[in-house]
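Single-letter residue listing:
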Amino acid sequence: QKEYPSHSILSEEQELIDKKSDYKWIIDPLDGTTNFANNLPIFAVSIGLQKNNKTICGVVYNPAADKCFYAEDGKGAYLNNNSICISSSNTLSKSLLVTGFPYIHDKYYDKSFSIFKDFYDRTQGVRRLGAASLDLCFVAMGRFAGFYEFNLKPWDICAGSIIAKEAGAS
């Protein structure tokens, strides 16, 4: 707010600060809260920037591992200043996937586990790490071949999505 007082801000921790700007920051100050609270080092700060509702850059920082993922539209994806790219796997049977599950028993609860079972039977496995922004970054660096999850919010995926896209994900 200090550096860009005319920009809008959408954050998990507060309501939209709508400045009617072309620019909007999408922020999750702590993605992976449960992991953080339990001293599991899979959590991150996630910050994306949109111009006219198109994500133009993003950064995801995991302070526990000192890993900083970032990307800018059309300029590739990076991890700690090194270029990254997605997995070369082109079949489910040779893929390791990552997912998330709902915290509540909503309409996606049973479907999430059904899809998990189907993918688990057809892939090398499916992991659940608990921080969507990092899941997307791990796809970007080729650690996982794909990511899926229901009901994510903009702050969960804004920065990670551009990082994955710039690394070659579709």
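See above for the structure.
First, a word on what this report is: a plain description of the structure on this page. Only a predicted model underlies this, so the values are computations on that prediction, with no experimental measurement involved.

## Some remarks on helix α4 (residues 154-166)
Thinking step 1. Helix length check: α4, at 13 residues, gives a terminal C-alpha distance of 18 Å against a target of 18 Å (1.5 Å per residue), a fit within 8%.
Thinking step 2. For α4, the principal kink sits at G160 and spans about 30°.
Thinking step 3. Listed in full, the buried residues belonging to α4 are W155, D156, C158, A159, G160, I162, I163, A164 and E166.

## Some thoughts on the sheet that holds strand β1 (residues 8-11)
Paired through backbone hydrogen bonds, the strands of a sheet run either parallel or antiparallel to each other.
Thinking step 1. Read from one edge of the open sheet, eight strands run β2-β1-β3-β4-β5-β6-β7-β8, paired in mixed fashion. At either end of the open sheet lies a strand with only one pairing partner, and these are β2 (14-17) and β8 (82-84). When the angles between neighbouring strand axes are averaged without regard to direction, this sheet yields 20°.
Thinking step 2. Bridging between strand β5 (residues 54-62) and strand β6 (residues 67-72) involves six bridges; their strand directions are antiparallel. Bridge assignment links V59 to a residue of β6, and that residue is Y70.
Thinking step 3. Packing of helix α3 (residues 132-140) onto the sheet brings it into contact with β3 (23-31), β4 (44-51), β5, β6 and β8, and relative to β5 it is tilted by some 100°.
Thinking step 4. Contacting β1, β3, β4, β5, β6, β7 (77-79) and β8, α4 crosses the sheet at an angle of about 100° to β5.

## Some points on the pairing of β3
Thinking step 1. For β1 and β3, the ladder comprises four bridges, and the chain directions are parallel. Looking across to β3, one finds that S11 is bridged to I27.

## Examining the nonpolar core
Thinking step 1. If you look at the biggest cluster of nonpolar residues, it comprises 25 residues, and the most contacted ones within it are V60, F69, I84, L134 and I163.
Thinking step 2. Secondary-structure elements contributing two or more residues to this core are β6, β7, α3 and α4.
Thinking step 3. With seven residues, α3 is the single largest residue contributor to this core.
Thinking step 4. Discounting residues that sit within four places of it in the chain, L134 has contacts with D31, I42, F43, A44, V60, N62 and F69.

## Comments concerning the sheet that holds strand β10 (residues 125-128)
Thinking step 1. The strand order across the open sheet formed by three strands is β10-β9-β11, and the pairing between neighbours is parallel. Two strands in the sheet have a free side with no partner beyond their single neighbour: β10 and β11 (146-148). Strand after strand, the sheet turns through a mean of 30° between neighbouring axes, direction not considered.
Thinking step 2. In this structure, strand β9 (residues 96-99) lies alongside β11, joined through three bridges in parallel fashion. Looking at the pairing, V98 lines up with F147 of β11.
Thinking step 3. Strands β9 and β11 of the sheet are contacted by α3, whose axis makes an angle of about 155° with β11.

## Side note on the pattern of salt bridges
Thinking step 1. In the structure shown here, the tally under the stated rule is six salt bridges.
Thinking step 2. Residue D18 pairs with K20 through a salt bridge whose shortest N-O separation is 3.1 Å.
Thinking step 3. Overall, D18 belongs to the partly exposed group, its relative accessible area being 41%.
Thinking step 4. Residue class for K20 comes out exposed when judged on its relative accessible area of 70%.
Thinking step 5. Overlapping salt bridges, with partners in common, bring together K54, D73, K165 and E166 in one network.

## Remarks on the layout of surface pockets
Thinking step 1. When its volume is computed, the largest pocket comes out at roughly 480 Å³.
Thinking step 2. Lining the largest pocket are 27 residues, and of these F101, Y103, E149, L152 and D156 lie nearest its centre.
Thinking step 3. Where the lining of the largest pocket is concerned, the elements lending two or more residues are β3, α1 (33-37), α3 and α4.
Thinking step 4. The element that contributes the greatest number of residues to the lining of the largest pocket is β3, accounting for three residues.
Thinking step 5. Classifying every residue of the lining of the largest pocket gives ten nonpolar, eight polar and nine charged.
Thinking step 6. Along the walls of the second largest pocket sit I86, L136, V139, A145, G146, F147, S161, A164, K165, G168, A169 and S170, which together make up its complete lining.
Thinking step 7. Mapped onto the lining of the second largest pocket, the elements with two or more residues apiece are α3, β11 and α4.
Thinking step 8. Looking at the lining of the second largest pocket element by element, the count peaks at three residues for α4.
Thinking step 9. Counted by class, the lining of the second largest pocket contains seven nonpolar, four polar and one charged residues.

Calculation criteria
- Residues numbered from 1 in each chain as written.
- Predicted model: local features only at pLDDT ≥ 70, side-chain atom pairs only at ≥ 80, totals over all residues.
- Heavy atoms only, no water.
- Helix = DSSP H or I, 4+ residues; strand = E, 2+ residues; numbered from the N terminus.
- Expected span 1.5 Å × (residues − 1).
- Bend = angle between axes of the 7 residues up to and from the residue.
- Buried < 20%, exposed > 50% of the residue type's maximum accessible area, 1.4 Å probe, protein only.
- Pairing = 2+ DSSP bridges.
- Axes fitted to C-alpha atoms, helices over the stretch in contact; angles between N-to-C directions.
- Contact = heavy atoms within 4.5 Å.
- Core = buried A, V, L, I, M, F, W, Y, C linked by side-chain atoms within 4.5 Å.
- Salt bridge = Lys/Arg side-chain N within 4 Å of Asp/Glu carboxyl O.
- 1 Å grid on protein atoms, 1.4 Å probe; cavity = no way out; pocket = protein on both sides within 12 Å on 5 of 7 lines; lining within 4 Å.
- Points joined across faces, edges and corners; volume = space filled by probe spheres on them.
- Nonpolar A, V, L, I, M, F, W, Y, C, P; charged D, E, K, R; others polar.

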